[in-house]
Amino acid sequence: MPIATPEVYNEMLDRAKAGKFAYPAINVTSSQTLNAALRGFAEAESDGIVQISTGGAEFLGGQYSKDMVTGAVALAEYAHILAEKYPVNIALHTDHCPKDKLDGYVRPLIAVSEERVKAGRNPLFQSHMWDGSAETLADNLEIAQELLERTRAAKIILEVEITPTGGEEDGVSHEINDSLYTTVEDAIRTAEALGLGEKGRYLLAASFGNVHGVYKPGNVVLRPDLLKELNDGVAAKFGKASPFDFVFHGGSGSTEQEILTALENGVVKMNLDTDTQYAFTRPVAAHMFQNYDGVLKVDGEVGNKKAYDPRTWGKLAEASMAARVVEATQNLRSAGNKIK
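The following paragraphs examine the structure supplied in this document. (Residues numbered from 1 in each chain as written. Predicted model: local features only at pLDDT ≥ 70, side-chain atom pairs only at ≥ 80, totals over all residues. Heavy atoms only, no water.)

### Overview of the nonpolar core
Heads up, the condition is: We define the nonpolar core as a collection of buried residues of types Ala, Val, Leu, Ile, Met, Phe, Trp, Tyr and Cys that are connected through side-chain atoms lying within 4.5 Å of one another. The rule is simple: take the accessible area with a 1.4 Å probe, protein chains only, and divide by the maximum for that residue type; under 20% is buried, over 50% is exposed, in between is partly exposed. Here a helix means four or more residues in a row that DSSP labels H or I, a strand means two or more in a row labelled E, and each is numbered from the N terminus. Residues count as neighbours in contact if any of their non-hydrogen atoms are within 4.5 Å of one another.
Judged by nonpolar contacts, the single largest core of 76 residues is most densely connected at Y105, V160 and F244. Sort the elements by how many residues they give to this core and helix α4 (residues 68–82) lands first, with eight residues. Setting aside residues no more than four positions away along its own chain, F244 makes contact with K17, A187, A191, L196, Y202, L204, L230, N231, V234 and G266. Counting 16 residues, the second-largest nonpolar core is a separate cluster that includes Y9, L13, A16 and F21.

### Topic: helix α9 (residues 256–264)
In an α-helix there are 3.6 residues to a turn, and that puts residues three or four apart on one side. Defined as follows: The directions from the helix axis to the C-beta atoms are what the arc is built from.
If you check which residues of α9 are buried, you get I259, A262 and L263. Here the buried residues of α9 occupy an arc of 100° about the axis, which is enough to place them on one side. Those residues of α9 that are buried are in contact with α8 (226–238), β9 (246–248), β10 (267–272) and α13 (310–331). G266 occupies a position one or two residues after α9 and carries a positive phi of about 105°.

### Structural notes on the packing of aromatic side chains
Quick reminder of the rule: Only rings of Phe, Tyr and Trp enter the pairing, Trp through its six-membered ring, and a pair is recorded when the two centres are within 6.5 Å. The plane angle decides the type: under 30 degrees is stacked, over 60 is edge-to-face, the rest tilted. Only Lys NZ and Arg CZ are tested; either one counts as a charge over a ring when it is within 6 Å of the ring centre and within 35 degrees of the ring normal.
Per the counting criterion, the structure on display carries three aromatic pairs. Above the plane of the ring of F238 lies K237, whose end atom (NZ or CZ) is 6.0 Å from the centre.

### A word on the side chain of T182
Heads up, the condition is: Polar contact criterion, stated in full: a pair of N or O atoms within 3.5 Å, where within protein one must be able to donate a hydrogen and the other to accept it, and residues adjacent in sequence count only if both atoms are side-chain atoms.
With respect to the element layout, T182 can be found in the loop between β7 (172–174) and α7 (184–194). Among the residues examined, T182 registers a relative accessible area of 2% and is labelled buried. Here T163 takes part through its side chain, which lies 2.3 Å from a polar atom of the side chain of T182. Side-chain polar atoms of T182 contact the backbone nitrogen of S207, separated by 2.7 Å. Apart from the residues within four sequence positions on either side, T182 is in contact with I162, T163, A187, A206, S207, L226 and L230.

### Some words on helix α1 (residues 6–19)
The condition is simple: A helix is expected to span 1.5 Å multiplied by its residue count minus one.
If you check α1, its first and last C-alpha atoms are 20 Å apart, about what 14 residues at 1.5 Å a residue would give, namely 20 Å. Taken together, the buried positions of α1 are P6, Y9, M12, L13 and A16. One side of α1 carries all its buried residues, which in axial view fall inside an arc of 120°. Opposite its buried face, α1 presents the exposed residues E7 and A18, each directed more than 90 degrees away. Trailing α1 by a residue or two, K20 shows a phi angle of about 55°, which is positive.

### Some points on the packing of α7 against α8
Under the convention used in this document: A fitted line through C-alpha atoms serves as each axis, taken over the contacting stretch for helices, and the angle formed by two N-to-C directions is quoted from 0 to 180°. Under this scheme an angle from 65 to 115 degrees is roughly perpendicular, one under 35 degrees roughly parallel, and one over 145 degrees roughly antiparallel; angles in between are oblique. Crossings are assigned a handedness: left-handed for a near helix turned anticlockwise from the far helix by less than a right angle, right-handed for a clockwise turn. Residues are sorted three ways: Asp, Glu, Lys and Arg are charged, Ala, Val, Leu, Ile, Met, Phe, Trp, Tyr, Cys and Pro are nonpolar, and all the rest, Gly among them, are polar.
Taken N-terminus to C-terminus, the directions of α7 and α8 make an angle of 50°; their axes are 9 Å apart at the nearest point. Considering the angle they form, α7 stands oblique to α8. Handedness of the α7/α8 crossing: right-handed. Of α8, the residues touching α7 (which contributes V184, A187, I188, A191 and E192) are E229, L230, G233, V234, K237 and F238. Residue classes in the contact of α7 with α8 are distributed as seven nonpolar, one polar and three charged.

### Examining the pairing of strand β1 (residues 23–27)
Spelled out, the test is: Any two strands with at least two DSSP bridges between them are considered paired. Convention used here: a crossover is right-handed provided that the path from the first strand, over the helix, to the second strand proceeds clockwise when the strands point away from the viewer.
Among the five residues of β1, five are classified as buried, and the element is accordingly described as predominantly covered. Side chains Y23, A25 and N27 of β1 all project onto a buried face; the interleaved residues P24 and I26 project onto the opposite face, where all are buried too. Direction of pairing for β1 relative to strand β2 (residues 48–52): parallel, over a ladder of three bridges. Its bridge partner lying in β2, N27 is registered against Q51. Once you follow β1 into helix α2 (residues 31–44) and on to β2, the crossover reads as right-handed.

### As for the environment of G303
In this structure, G303 sits in the loop between α11 (292–295) and α12 (305–308). Each C-alpha atom, one on G303 and one on N291, is 9.5 Å from the other, the two residues being twelve residues apart in sequence. Those residues within four positions of G303 in sequence are excluded, and the remaining contacts are D293, G294, L296 and K297.

### Describing the pattern of salt bridges
Heads up, the rule is: Think of a salt bridge as a Lys or Arg side-chain nitrogen and an Asp or Glu carboxyl oxygen that are within 4 Å of each other.
Counted according to the given criterion, the structure contains 17 salt bridges. The partner of K118 in a salt bridge is E115, and the shortest N-O contact between them spans 3.7 Å. With K118 and E115 both in helix α5 (residues 106–118), this residue pair falls three residues apart, about one helical turn. In this pair, the class of K118 matches that of E115, namely exposed. We note a salt bridge from D275 to R324, for which the minimum N-O separation is 2.8 Å. On the criterion of sequence distance, the pair formed by D275 in helix α10 (residues 274–290) and R324 in helix α13 is long-range, its members being 49 residues apart. Among the residues examined, D275 registers a relative accessible area of 18% and is labelled buried. Overall, the relative accessible area of 15% leaves R324 in the buried class. What you see here is one network of salt bridges that share partners, running through D14, K17, R201 and D245.

From the geometry alone we can't say anything about function, so treat these as descriptive.
Okay, here's the thing in structure tokens:
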């Protein structure tokens, strides 16, 4: 199937919310990790989301120029071609983009899709994230309003983060403290500014103790039950049941019960990066250690070309990451739930 059209992406999200499951959103940084994500979704018979962060896009742009827009566009165009060979629907998304990178990342990418839509084509990406969690909520929502108007016209869904996610990702960091919990007042102000669909569809990354990366048990206190309080508080004021489509950030390392509670309370997308990074790298490390005398030209020997051929260890990395994607679809109950 081709990359999801705007209509298919909306249907994916609607089905997830109604069925109380969520799509893994897998961060990719290369054609290899893209292949691994697509393979995992296909093997699980799950539709899914592939996303590129600012750091991932810079890496994709090559270390000579480090151009984020070029990197993101190049992989997205590649994905549009590659995804046609996979029997699942895939949406393309850009991950965390703070204020100082909007003009160098999300705004130019929206412009690319605006031109495509004007020409009668579908947008390049299906959704973009604006991470205004480091700004005041007023400034955050003011920028979100501007972006939402543009994404709506370009048939793109906007993701907004209204309060911080702890830890660090691509240079955006927040302390692990009590500010990691969105309040009902925050949610109401968001609904007042962005509407509840009539101004354009958006995904809401609310904070319930989320932290990027993986921490030892006890260091992070997740409260996925808070999402129900946010939905109920906004529903009581605006008269729309279950108004938000929530995103679970910092999903790596979460317990099964935390995930299930989040699904019951409206999460339709869960970001996964740290766990898949490790799954990709682990077999590569094993290969290098186990075949060190083939990978390296030790003591004047010639090594073993088959051992250091990137395809040899690259296939191992792809298979391992794909298996972790399958596991994620099972945890999030999207496995076997692809649109027929």
